[in-house]
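# Structural overview for review
Next come the chains, spelled out residue by residue.
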Amino acid sequence: MESGADLLELGIPFSDVMADGPVIQKACQRALERGTSLDDVFEMVSRFRQRDAETPIILMGYMNPLERRGIEAFSSQAAVAGVDGLLIVDCPADEAVETTRAFDADGLYQIFLIAPTTSDSRLERMVPLAGGFIYYVTLKGVTGSAALDASTLGPAVRRIHARSELPVAVGFGISTPEQAAQAASAADAVVIGSALVDRLHGCRDLSEALDTVREYIGGIRQALDRLAGESTAAAS
Amino acid sequence: MTDSAEQIMHEPRRPQELPDDRGHFGVFGGRFVSETLMTALEELEQAWRKSREDRDFQAELDRDLAHFVGRPSPLYLAERLTAHAGGAQIVFKREDLNHTGAHKINNTVGQALLARAMGKKRVIAETGAGQHGVASATVAARLGMNCVVYMGADDIKRQAINVFRMKLLGAEVVSVESGSRTLKDALNEAMRDWVTNVDDTFYILGTVAGPHPYPALVRDFNAVVGREARVQCRDEYGKLPDALVACVGGGSNAIGLFYPFIEDREVAMYGVEAAGRGLYGIEHAASLCAGRVGVLHGSRTYLLDDDAGQIRETHSISAGLDYPGVGPEHAWLKDCGRAEYVGVTDEQALEAFHLCTRLEGIMPALESAHAVAWGLKLAAGMRRQCRWISCINWWNRVPICWNLASRFPM
Ligand SMILES: Cc1ncc(COP(=O)(O)O)c(C=O)c1O
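Okay, so let's go over this structure.

So, how was this worked out
- Here, residues in each chain are numbered from 1, in the same order as that chain's written sequence.
- Chains and ligands are labelled by the order in which they are written, letters from A for the one and numbers from 1 for the other.
- Given that this is a predicted model, residues contribute local features only at a pLDDT of at least 70 and side-chain atom pairs are listed and counted only at 80 or more, while totals for whole chains, interfaces and linings are drawn from all residues.
- Calculation of side-chain values draws on the structure's entire complement of heavy atoms; hydrogens and water are dropped beforehand.
- Here, any two strands with at least 2 DSSP bridges between them count as paired.
- The helix count covers DSSP runs of H or I at least four residues long, the strand count covers runs of E at least two residues long, and both are numbered beginning at the N terminus.
- Two residues form a contact once any of their heavy atoms are found within 4.5 Å.
- To get an axis, a line is fitted to the C-alpha atoms, and for a helix only the part in contact is used. The angle between two axes follows their N-to-C directions and goes from 0 to 180 degrees.
- Nine residue types can take part in a nonpolar core, namely buried Ala, Val, Leu, Ile, Met, Phe, Trp, Tyr and Cys, and a core is a set of them joined through side-chain atoms within 4.5 Å.
- Only protein chains enter the area calculation, which uses a 1.4 Å probe; residues under 20% of their type maximum are buried, those over 50% are exposed, and those in between are partly exposed.
- Here a residue is near a molecule or strand as soon as one of its heavy atoms is found within 4 Å of it.
- Contacts described as polar in this section are N or O atom pairs within 3.5 Å, which, within protein, must combine one atom able to donate a hydrogen with one able to accept it, while residues neighboring in sequence count only if both atoms come from side chains.
- Per-residue and other accessible areas follow the Shrake-Rupley method at a 1.4 Å probe size, with only the shown protein chains counted as cover for residues.
- Each residue is assigned to one class: nonpolar for Ala, Val, Leu, Ile, Met, Phe, Trp, Tyr, Cys and Pro, charged for Asp, Glu, Lys and Arg, and polar for all the others, Gly among them.

Sheet strands pair via backbone hydrogen bonds, and the direction of the pair is either parallel or antiparallel. Residues and elements named next belong to chain A. One open sheet accounts for four strands, arranged β5-β6-β7-β8; its pairing is parallel. Lying at the two open borders of the sheet, with one neighbouring strand each, are β5 (113-114) and β8 (189-190). When strand β6 (residues 134-137) meets strand β7 (residues 168-171), the two strands line up parallel, connected through four bridges. Looking across to β7, one finds that V137 is bridged to G171. Lying over the sheet, helix α7 (residues 153-161) contacts β5, β6 and β7, oriented at roughly 145° with respect to β7.

And the structure:
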């Protein structure tokens, strides 16, 4: 946060992360081997909230751990911990009646993914259900996949903006400051997942991890700020 | 073509209208996948619905089933097993006599035609025992399509012969090292491939699990088993069977047999799950008998997980039943009480395998041996005038045969 992230996304580990690439798969496996539970995740959020009441926190995960906790129980516990929104990867808008009802009652947003393959008619059906922001998946593939094709982003984000007032964040396949800046020139926010997790995994201890995050996120922040500076300059 | 064969092919009867338009069987089923796959699933659903009405498609499917697969498969009265059990007549639906040795080919022939109709050049599949992988590689070879099969690293070791068969057929077999390195992980990996290559790739899912429309689509292609059995049983014995018995991994052979009988209330239906080393521990794969409702691989169904909702590793002597979930239509049949689900242990299945082999000269797949084991108990408790039908697949697991040789009296 100190190095300039605006929003925090925290993963709930799951044994069968169907939509994730090797980096997140292995991270989940490590977390589960060390016994990380849903309650640990809530606990992390609560502790963070004692120091920072502002930064939005999103939990990202899969349906089955939610179902096992019970969707209503999950929702109220997340709200108490200080979570703002939920992204359930394998719960598309079509299956979200139960979850949105519970989350609405607790004042939580359900964030939905929009993919390059999402048709206009699907998009129109989904937009009324979406809360917080819309997460545009930049590529056909799993998390941590190869390169970003920035040329397709502009039209894709405009397509969503034409139908929704919500900010559009883009993610999947963004790892370098250059890619982040390219993505940010088309969208309202960029999401970085696998690239950060991968860097963290290489660290030996907490202080090295903190240094790594500061340097990495700091670099991304600078690239985004430079972009903001340029566009302001252009406007004036 | 005889009258009854004509009837088999074009029986217009739709016993149950499920799933609903959104792929739900009651509370089960649905489409729990990431958004990237939703449009692909909608397109697949459209192609499948269209194919059901398309006479040319159905005629080609019928021809392939007749001349490539070798249908209809015979209904066989197992007389010595019947005498051994001392009760109801035991009748086998001989899916072991199909090309490639199992019911799996019914589904892959159908899905390959769908893939071609949708203009896809590449097919992918997941496999556990290797049987579905072989059936997929077989149809891909025939239609000149590239084929990639995902298989858990542990299953590759258990099923070396089927890996060899797939490679001979020109398929690429990808070893899946993640998770429990078995069928469920192969399915995850196939889904990841599909998300990435969704434009040119068709995913041939091997059982009635997964997101809508797969449970319904795979059922439709396997329902030829039950449609034939229904007509054959009437022709041969003058009435419907009293019971149906089938093993359930994901549940495709079972639903194929059950589906055309669902509205025949007088026909009892038993699905037999792998109880492994016993239902009281965790070394089994009996999601319906011992699991609870959750979400796995794109649908809401019964599954085996721990209290945190993490999917558990399962155990069965037969790789084809070694799966922590089950097709959503079975979950629905269980909850509405139309079918009953029971467990058979590794030991009981081996015993039934041996008995069937020695008394009938038919070596059933270890999966099917689970059904035979339960059926023997069932027959013993039924009147002699009764009969039950089971779907039998072929035993072709030579490597296992060696591994287990010490467990068979020879
Ligand atoms: C020979 C055989 N029978 C049965 C099965 C179980 O699958 P299902 O439950 O989908 O019929 C398999 C699965 O691989 C198999 O290979």
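Let's shift gears to the nonpolar core. Counting residues in hydrophobic clusters, the biggest one holds 109 residues, and the most contacted among them are Y135 of chain A together with L114, W194, Y203, F258 and L333 of chain B. Setting aside anything within four residues of it in sequence, one finds L333 of chain B in contact with I255, F258, I262, M269, R338, A339 and Y341 of chain B. I57, V83, A93 and I220 of chain A belong to the second largest nonpolar core, which has 51 residues in total.

Further remarks concern the site of the ligand. Residue and element names in this part refer to chain B. Around the ligand, the structure places 18 residues, and the nearest of them are T207, G249, G251, S252 and N253. Contacts to the ligand include H103, whose side-chain N or O atom sits 3.1 Å from an oxygen atom. A distance of 3.2 Å separates an oxygen atom of the ligand from a polar atom in the backbone of G250. If the ligand stood free it would expose 390 Å²; the protein chains cover 97% of that surface. Split into classes, the residues belonging to the shell around the ligand amount to five nonpolar, 10 polar and three charged.

Worth remembering: the numbers are spatial, not functional.
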